[in-house]
Amino acid sequence: MKLLIIKIETSHEVEDALNIYSHDVLKCLGTETRKRSDFEQAGWESDSTIVKLDEIKDLPEDLEFLAYFDMVQDQAELVKKYQKKLSELEGYGLKIGQAKVTASYIKDEDWNTVWQKFYHPIDFSRHLAIVPEWEEYQPAFKDQNIIKLDPGLAFGTGSHKTTQLALLGLEQILVKPETVCDVGTGSGILAIASSVLGASSVLATDISDEAITAANENISLNNLTNIKVQKTNLLNQVKSKYDIIVANILAEILLDLIPELNEHLNSNGKVIFSGIDCDQIEKIRTALTTNGFQIILSMQQGRWIGLIIERKDN
Ligand SMILES: C[S@@+](CC[C@H](N)C(=O)[O-])C[C@H]1O[C@@H](n2cnc3c(N)ncnc32)[C@H](O)[C@@H]1O
């Protein structure tokens, strides 16, 4: 099967709007973005490495937005719809840059290979390696745990800094066979990591169907029998209490989760938060304090913050 790609050269100001429009209105199969700022930041993040922007092939002027569709869709019609959307967004005062919309086709197999080409084993730590389902990997130490993953459409390949901060948190506090609840499990990566690091049992929750499917598949891929998956909004339909609650979700959603923590956490329990932009840490800290919690460890990678939290009276 071939896929139709709509490529839009535009401005980062319309990224969210294009994402929502592509997924919710046009029902695309997937989207991808390349931002000039990501390449610029790559230099900043690696401290001393100077990234020579001139040498990067097809460097976007600002944002290159790609949306993938089934080839049976009418490409001229889609191009027109995106052009109309961009004009509408410009009318709201957003910058739309070059606003160049083009269409092309790729083979579905190419799409899979392209994706697989960029996703390789992550030798994460002494105790954890994350290995794509299709790759072979030999750990340097016999007791390094391997997480086999095929993220499918869900978030959580292990390469994102927020996932890595949450994994570091788990390695730090999961030192006994305790129970874990992974809120917003995505691909299931944190639930699987908890299990292989020695959790006695794990509950993985997510609000999205894609995530529930991907998490179940990855749990089977790793032959783990002590993880249950439940579709729910945060902890809404969760009855039990846990020794550890881990959540890598955006700060706005963590703010809704904070008031639910107390009734789902065992005494001496700990919470790991990740997904917090450094600009939002004060909001989170205030909400934690108001709800009787304190931060006992704060970790940072780039702009992302990860936290280990416990009750104030622990
Ligand atoms: C940033 S991803 C994290 C995935 C994975 N845990 C990781 O660390 O890589 C956030 C996940 O939270 C889920 N999510 C967002 N809002 C949620 C909510 N209100 N309740 C449950 N899950 C939610 C999303 O569907 C997504 O899978």
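Looking at an unreviewed UniProt entry, the protein carries the name Ribosomal protein L11 methyltransferase, with the source organism given as Lactobacillus kullabergensis. Its UniProt record gives the protein the following Catalytic activity (unreviewed entry) comment, quoted word for word: "L-lysyl-[protein] + 3 S-adenosyl-L-methionine = N(6),N(6),N(6)-trimethyl-L-lysyl-[protein] + 3 S-adenosyl-L-homocysteine + 3 H(+)". As recorded by UniProt, the Sequence similarities (unreviewed entry) comment attached to the protein reads in full: "Belongs to the methyltransferase superfamily. PrmA family."

*Asks:* How would you sum up the packing of helix α8 (residues 251–261) against helix α9 (residues 281–290)? Please name residues and give values.
*Replies:* Look at α8 against α9: their axes get within 10 Å of each other, and the N-to-C directions meet at 10 degrees. For the element pair α8 / α9, the angle class is roughly parallel. The residues of α9 that touch α8, namely those facing A251, E252, L254, L255, I258 and L261, are K283, I284, A287 and L288. Looking at the contact of α8 with α9, its residues break down into eight nonpolar, no polar and two charged.

*Asks:* Describe the sheet that holds strand β3 (residues 63–70), listing the residues and the values that go with them.
*Replies:* Sheet architecture is open: four strands sit in the order β2-β3-β1-β4, paired in antiparallel fashion. One side of each edge strand has no neighbouring strand; the edge strands of this open sheet are β2 (30–35) and β4 (100–107). Neighbouring strand axes in the sheet, compared pairwise and without regard to direction, differ in orientation by 20 degrees on average. Where strand β1 (residues 2–10) meets β3, eight bridges bridge the pair, whose relative direction is antiparallel. Its bridge partner being in β3, L3 is matched across the sheet by D70. On top of the sheet, helix α3 (residues 75–91) reaches β1, β3 and β4; it is set at about 25 degrees to β1, its chief contact.

*Asks:* Explain the packing of helix α1 (residues 15–25) against α3 residue by residue, including any values.
*Replies:* Following both chains from N to C, one finds α1 and α3 inclined at 140 degrees, their axes separated by 11 Å at the closest point. Relative to α3, the element α1 lies oblique. Taken as a pair, α1 and α3 cross one another with a handedness that is right-handed. Contacts from A17, L18, Y21 and S22 in α1 reach K81, Y82, K85, L86 and L89 in α3. When its residues are assigned to classes, the contact of α1 with α3 shows six nonpolar, one polar and two charged.

*Asks:* Outline the nonpolar core, listing residues and values.
*Replies:* Within soluble globular proteins, side chains that are nonpolar generally end up buried alongside one another. Counting residues in hydrophobic clusters, the biggest one holds 31 residues, and the most contacted among them are I130 and I227. Elements that contribute at least two residues to this core include exactly β5 (128–132), β6 (145–149), α5 (161–173), α6 (189–196), β8 (201–206) and β10 (242–248). Filtering out sequence-adjacent residues up to four positions away, I130 remains in contact with Y119, H120, P121, I122, F124, I147, L149, T157, G158, L167 and I189. If you look at the next biggest cluster of nonpolar residues, it comprises 27 residues, including V238, A247, I249 and F273.

*Asks:* Give me the packing of aromatic side chains: which residues, what numbers.
*Replies:* Tallying each qualifying case throughout the model produces two aromatic pairs. When the centroid spacing of 6.4 Å and the interplanar angle of 65 degrees are considered together, the rings of F69 and Y82 count as edge-to-face. With F69 in strand β3 and Y82 in helix α3, the pair connects residues that are 13 residues apart, well separated along the chain. Each member of the pair, F69 as well as Y82, is classed as buried. By the ring-pair criterion, three or more aromatic residues cluster together here, those being Y21, F69 and Y82. If you follow R126 out to its NZ or CZ, it ends over the ring of F141, 3.7 Å from the centre.

*Asks:* Explain a nonpolar patch on the surface residue by residue, including any values.
*Replies:* Residues M71, V72 and Y105 make up a contiguous nonpolar surface patch of about 300 Å² in total accessible area. Checked against the element boundaries, V72 lands in the loop between β3 and α3. By relative accessible area, V72 is classed as exposed at 72%.

*Asks:* Outline the site of the ligand, listing residues and values.
*Replies:* Around the ligand, 17 residues are found, and the nearest of them are T163, D206, N233, L234 and N248. At 3.4 Å from a nitrogen atom of the ligand is found a main-chain nitrogen or oxygen belonging to T185. Between a nitrogen atom of the ligand and a main-chain N or O atom of L234, the distance comes to 2.8 Å. In isolation the ligand exposes 600 Å². Once the protein is present, 86% of that is buried.

*Asks:* An account of the pairing of strand β7 (residues 179–183) is requested, with residue identities and associated values reported.
*Replies:* A large share of β7 lies buried, amounting to five of its five residues. Covered by surrounding structure in β7 are T179, C181 and V183 together with V180 and D182, the residues of both alternating faces. In the sheet, β7 pairs with β8 via five bridges, with the strands oriented parallel. Across the sheet, T179 pairs through a bridge with S201, a residue of β8. Of the crossover connections in this fold, the one passing from β7 over α6 to the parallel β8 is right-handed.

About the thresholds
Residues numbered from 1 in each chain as written. Predicted model: local features only at pLDDT ≥ 70, side-chain atom pairs only at ≥ 80, totals over all residues. Heavy atoms only, no water. UniProt positions renumbered as here; feature names shortened; annotations may be inferred. Axes fitted to C-alpha atoms, helices over the stretch in contact; angles between N-to-C directions. Helix = DSSP H or I, 4+ residues; strand = E, 2+ residues; numbered from the N terminus. Parallel < 35°, antiparallel > 145°, perpendicular 65-115°, else oblique. Contact = heavy atoms within 4.5 Å. Nonpolar A, V, L, I, M, F, W, Y, C, P; charged D, E, K, R; others polar. Pairing = 2+ DSSP bridges. Left-handed = near helix turned anticlockwise from the far one by under 90°. Core = buried A, V, L, I, M, F, W, Y, C linked by side-chain atoms within 4.5 Å. Buried < 20%, exposed > 50% of the residue type's maximum accessible area, 1.4 Å probe, protein only. Phe/Tyr/Trp six-rings, centres within 6.5 Å; stacked < 30°, edge-to-face > 60°. Lys NZ or Arg CZ within 6 Å of the ring centre and 35° of its normal. Patch = residues over 30% accessible without salt bridge, like charges linked within 9 Å, V, L, I, M, F, W, Y side chains within 5 Å. Areas by Shrake-Rupley, 256 points an atom, 1.4 Å probe, with all protein chains shown as cover. Salt bridge = Lys/Arg side-chain N within 4 Å of Asp/Glu carboxyl O. Near = heavy atom within 4 Å. Polar contact = N/O pair within 3.5 Å; in protein donor to acceptor, adjacent residues only side chain to side chain. Right-handed = clockwise from strand over helix to strand, strands pointing away.

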